[in-house]
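Breakdown of the fold
In case you want the letters, here they are:
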Amino acid sequence: MKAINFQANMLTGRLSERDAKRYFSLFGWFAFIFTAVSSAAVSIIGGVVSKLAPDVYSHWLFAQALSPIAFYAIALPIALIPLSMLPTLTPHKIKMPLRDWWQGLCICLALMMIGNYVSGFILTLIESYTGLKTQNPIEAVVSKIPLWGTFLFVVVIAPILEEIVFRGILCKRLLPLGEGYAVALSAACFALLHGNFYQLFYAFTLGCFFSFVYVKTGKLRYTILYHMAINFVGGFISPIIYKKADLEGLAESFTVHAGNIFPLIAFLWYWILTTLAAVFGIVIIIKKRRSFYLCQGAIPPPKGQAIKCIITSSGIIASLVLFALILSGSVIR
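Residues numbered from 1 in each chain as written. Predicted model: local features only at pLDDT ≥ 70, side-chain atom pairs only at ≥ 80, totals over all residues. Heavy atoms only, no water.

On to the nonpolar core. Counting 48 residues, the largest nonpolar core has Phe6, Phe24, Phe27, Phe30, Phe34, Phe166 and Cys189 as the members making the most contacts within it. The set of elements that each furnish at least two residues to this core consists of helix 1 (17-52), helix 3 (60-83), helix 4 (98-130), helix 6 (147-174), helix 7 (179-192), helix 8 (197-217), helix 12 (306-311) and helix 13 (314-331). Apart from residues lying up to four places away in sequence, Phe6 is in contact with Leu15, Asp19, Arg22, Tyr23, Leu26, Met85, Leu86, Pro87 and Ile299. (Core = buried A, V, L, I, M, F, W, Y, C linked by side-chain atoms within 4.5 Å. Buried < 20%, exposed > 50% of the residue type's maximum accessible area, 1.4 Å probe, protein only. Helix = DSSP H or I, 4+ residues; strand = E, 2+ residues; numbered from the N terminus. Contact = heavy atoms within 4.5 Å.)

Shown next, in the form of C-alpha cells:
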C-alpha cells in the first residue's frame, strides 16, 4: 500500500493535529492487528491441532513453534498494511566501538535488573491487595522444554525476529516523527506485546535502549546481539542456576544439602557478576547521560500536543484496550 504524504506545516515545521493523530492511529492499528490476529491464530491453530493430532499438540516443539508462526508468518503481513502507509526513514549506519558495545551490555543488565525489581514490587502489590496468583511465563516455558530448545527459541530465534520487527520495521516508520517517538513507541509496543507484568517493565526499558542503539547506529546486529545476550543471561542461564540451586527448598528448610553446594556457589557467582555489571551499567548511564540525546524528526507532532494526539487516536485507543485485557488475563490465575 502506498505511503501517505505527511507534510509539516510551512509556518510551524510540524504536523497538524489531524495528521499527527492519523500517524499515531496507523501505528496503533498495526499493534492492534498484530496482537489480535496472532492471538486468534494461536487459538484456532491450537484448537484444530489439539483435536486432529493431540500428540502433536502436546509436544513442546509445537507449542514453541506456534507463537512465531502466528506472530510473524500470519499476523505480521496483515499488520503491515496500515504500517506501510507511514513514511520510512532509515538511520545512518555508524560503527560502534567494541568498548562501547560492552558498556552497553552492562547498561542492558542494569535496566533488566531495575525492571525486574519494579515488576516484583508491582506484582507483590497486586497479589497482596487482590489475592490473585501470578505465574512467570519464562519459568513456565523453560520448565517444559529441553535446554537446546530453550537456547534455540529463547536465545536465537526470538531476538532475531523481535529486533527485525520492533527495531528494523517500527523504528524506521516512527523516525520521521523524531528519535524520541521512535524509541519510546517501539519500546512500548515491544513491552506490551509480551503480554504479562513480569516482562512488561524491563522489556520497556531494554526496548528503549535497543531502539536508541538502532536509531544511532542504524545496525540491527548490535541490538540482536544485545537481545541474545540478555535472553541468554535472564532466560537461559538464570533459570538453570535457580533450579539446580533449589533456592525455594533452601528458603523453606534453611538446610544446605551436599547435592546443591556447587549449584549454590554457581548461583552466588552469577549473582555477584551480574550485580557488579549492573552497577557498572548504572555508573555508565550517569557518567554518559548527556550522550543519550534524541534528535527531532522532519515531521514532528504539534508542539505541546503530542500526548493528546497519541491518546486520542483511534488505533492507539483500540490497541491499549486490547493490551489491558491481555495484561489483566495474565494476572488472574
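We are not done yet, so read on.
Scanning the model with the defined rule gives six salt bridges in all. Measuring nitrogen to oxygen at the nearest pair gives 3.6 Å for the salt bridge that ties Arg18 to Asp19. (Salt bridge = Lys/Arg side-chain N within 4 Å of Asp/Glu carboxyl O.)

Rolling a probe over the atoms, with the probe sized like a water molecule, indicates the empty space that remains. One number sums up the size of the second largest pocket: a volume of about 410 Å³. Forming the walls of the second largest pocket are 19 residues, and the residues nearest its centre are Met96, Asp100, Phe212, Ser291 and Phe292. It is helix 8 that provides the largest number of residues to the lining of the second largest pocket, a total of five residues. (1 Å grid on protein atoms, 1.4 Å probe; cavity = no way out; pocket = protein on both sides within 12 Å on 5 of 7 lines; lining within 4 Å. Points joined across faces, edges and corners; volume = space filled by probe spheres on them.)

Tallied over the full model, the rule gives 19 aromatic pairs. Relative to Phe32, the ring of Trp29 lies with its centre 5.5 Å away and its plane at 85°, an arrangement referred to as edge-to-face. Residue Trp29 and its partner Phe32 are both found in helix 1; the two are separated by three residues, about one turn of the helix. With a relative accessible area of 30%, Trp29 lands in the partly exposed category. Ring centres of Trp101 and Trp102 lie 5.4 Å apart, and the angle between their planes is 85°; this geometry places the pair in the edge-to-face category. By relative accessible area, which is 13% here, Trp101 ends up buried. Among the aromatic side chains, those forming a connected cluster through ring pairs are Phe30, Phe34, Phe71, Tyr72, Phe166 and Phe190. Over the face of the ring belonging to Tyr222 we find Arg221, whose NZ or CZ atom lies 5.4 Å from the ring centre. (Phe/Tyr/Trp six-rings, centres within 6.5 Å; stacked < 30°, edge-to-face > 60°. Lys NZ or Arg CZ within 6 Å of the ring centre and 35° of its normal.)

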